[in-house]
Amino acid sequence: QVQLVESGGGLVQPGGSLRLSCAASGNIFSIFSIYTMGWYRQTPGKQRELVAAITSGGSTNYADAVKGRFTISRDNAKNTVSLQMHSLKPEDTAVYYCNADPPPRLGVFGSWGQGTQVTVSS
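A brief report on the enclosed structure follows. Here the structure is a predicted model, which means the values were calculated and not measured.

**Notes on the pairing of strand E4 (residues 36–42)**
Turning to step 1, where the next piece is worked out: Two elements, E4 and strand E9 (residues 94–101), share seven bridges in a ladder whose sense is antiparallel. Along E9, the bridge assignment pairs Tyr-40 with Tyr-97.
Turning to step 2, where the next piece is worked out: As paired strands, E4 and strand E5 (residues 49–54) are joined by five bridges and run antiparallel to one another. Looking at E5, one finds that Tyr-40 is bridged to Leu-50.
Turning to step 3, where the next piece is worked out: Linking two consecutive strands that pair antiparallel, namely E4 and E5, is a turn of six residues; a positive phi of about 80° is found at Gly-45 within it.

**As for the sheet that holds strand E3 (residues 18–26)**
Turning to step 1, where the next piece is worked out: The strand order E1-E3-E8-E7 describes an open sheet built from four strands, whose pairing is antiparallel. The open sheet has two free edges, formed respectively by strand E1 (2–7) and strand E7 (70–75), since each of these has just one partner strand. Put simply, the sheet's adjacent strands are angled 15° from each other on average, direction ignored.

**Things to note about the packing of aromatic side chains**
Turning to step 1, where the next piece is worked out: Under the defined criterion, the tally for this structure stands at one aromatic pair.
Turning to step 2, where the next piece is worked out: The ring of Tyr-97 is capped by Arg-48, whose NZ or CZ atom sits 3.6 Å from the centre of that ring.

**Quick look at the nonpolar core**
Turning to step 1, where the next piece is worked out: If you look at the biggest cluster of nonpolar residues, it comprises 29 residues, and the most contacted ones within it are Met-37, Trp-39, Leu-83, Met-85 and Tyr-96.
Turning to step 2, where the next piece is worked out: When residues of this core are traced back to their parent elements, those giving at least two are E1, E3, E4, E5, E7, strand E8 (80–85), E9 and strand E11 (116–120).
Turning to step 3, where the next piece is worked out: Dropping the residues within four chain positions of it, Leu-83 is found in contact with Leu-18, Arg-19, Leu-20, Trp-39, Val-51, Ala-52, Phe-70, Thr-71, Ile-72 and Tyr-96.

**Digging into the state of the cysteines**
Turning to step 1, where the next piece is worked out: All chains considered together, the criterion is met by one disulfide.
Turning to step 2, where the next piece is worked out: Here Cys-22 pairs with Cys-98 through a disulfide, and the sulfurs are 2.1 Å apart. On the sign convention where negative is left-handed, the bridge of Cys-22 and Cys-98, at about -80° about the S-S bond, is left-handed. In this pair, Cys-22 is assigned in strand E3 and Cys-98 in strand E9, connecting sequence segments 76 residues apart.

**Brief notes about the side chain of Gln-84**
Turning to step 1, where the next piece is worked out: The topology assignment puts Gln-84 in strand E8.
Turning to step 2, where the next piece is worked out: Among the residues examined, Gln-84 registers a relative accessible area of 19% and is labelled buried.
Turning to step 3, where the next piece is worked out: A polar atom in the side chain of Gln-84 sits 3.4 Å from the backbone oxygen of Leu-18.
Turning to step 4, where the next piece is worked out: Not counting residues within four places of it along the chain, the set of residues in contact with Gln-84 comprises Ser-17, Leu-18, Arg-19, Arg-69, Phe-70 and Thr-71.

Reading the values: the criteria
- Residues numbered from 1 in each chain as written.
- Predicted model: local features only at pLDDT ≥ 70, side-chain atom pairs only at ≥ 80, totals over all residues.
- Heavy atoms only, no water.
- Pairing = 2+ DSSP bridges.
- Helix = DSSP H or I, 4+ residues; strand = E, 2+ residues; numbered from the N terminus.
- Axes fitted to C-alpha atoms, helices over the stretch in contact; angles between N-to-C directions.
- Phe/Tyr/Trp six-rings, centres within 6.5 Å; stacked < 30°, edge-to-face > 60°.
- Lys NZ or Arg CZ within 6 Å of the ring centre and 35° of its normal.
- Core = buried A, V, L, I, M, F, W, Y, C linked by side-chain atoms within 4.5 Å.
- Buried < 20%, exposed > 50% of the residue type's maximum accessible area, 1.4 Å probe, protein only.
- Contact = heavy atoms within 4.5 Å.
- Disulfide = S-S within 2.5 Å.
- Polar contact = N/O pair within 3.5 Å; in protein donor to acceptor, adjacent residues only side chain to side chain.

Following this line, the structure appears as structure tokens:
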């Protein structure tokens, strides 16, 4: 079983910055580096959407809406993944979820964190 715990959400004014972190523990502990890690977000009444992902090899992928403003990174030694968010907009307001996506050869399901609220408002 894999546990993911997000932190760093909060209230920020438009144009501000926040840094989200996700710490992984459990069965992922010794193999964190082979997981693709991602950040998703969800607002009421909408589907959860991908914000950014980073593969085991360090390749990154971003939603068009956040390109140039958000940066995803990982620290395999600490089993953490972070999302640095700059130039935040009101439309970035959402609950942000951390996701751990295992390689198919492991034959296990992916895991989600409990989510952290990000509110961008003046």
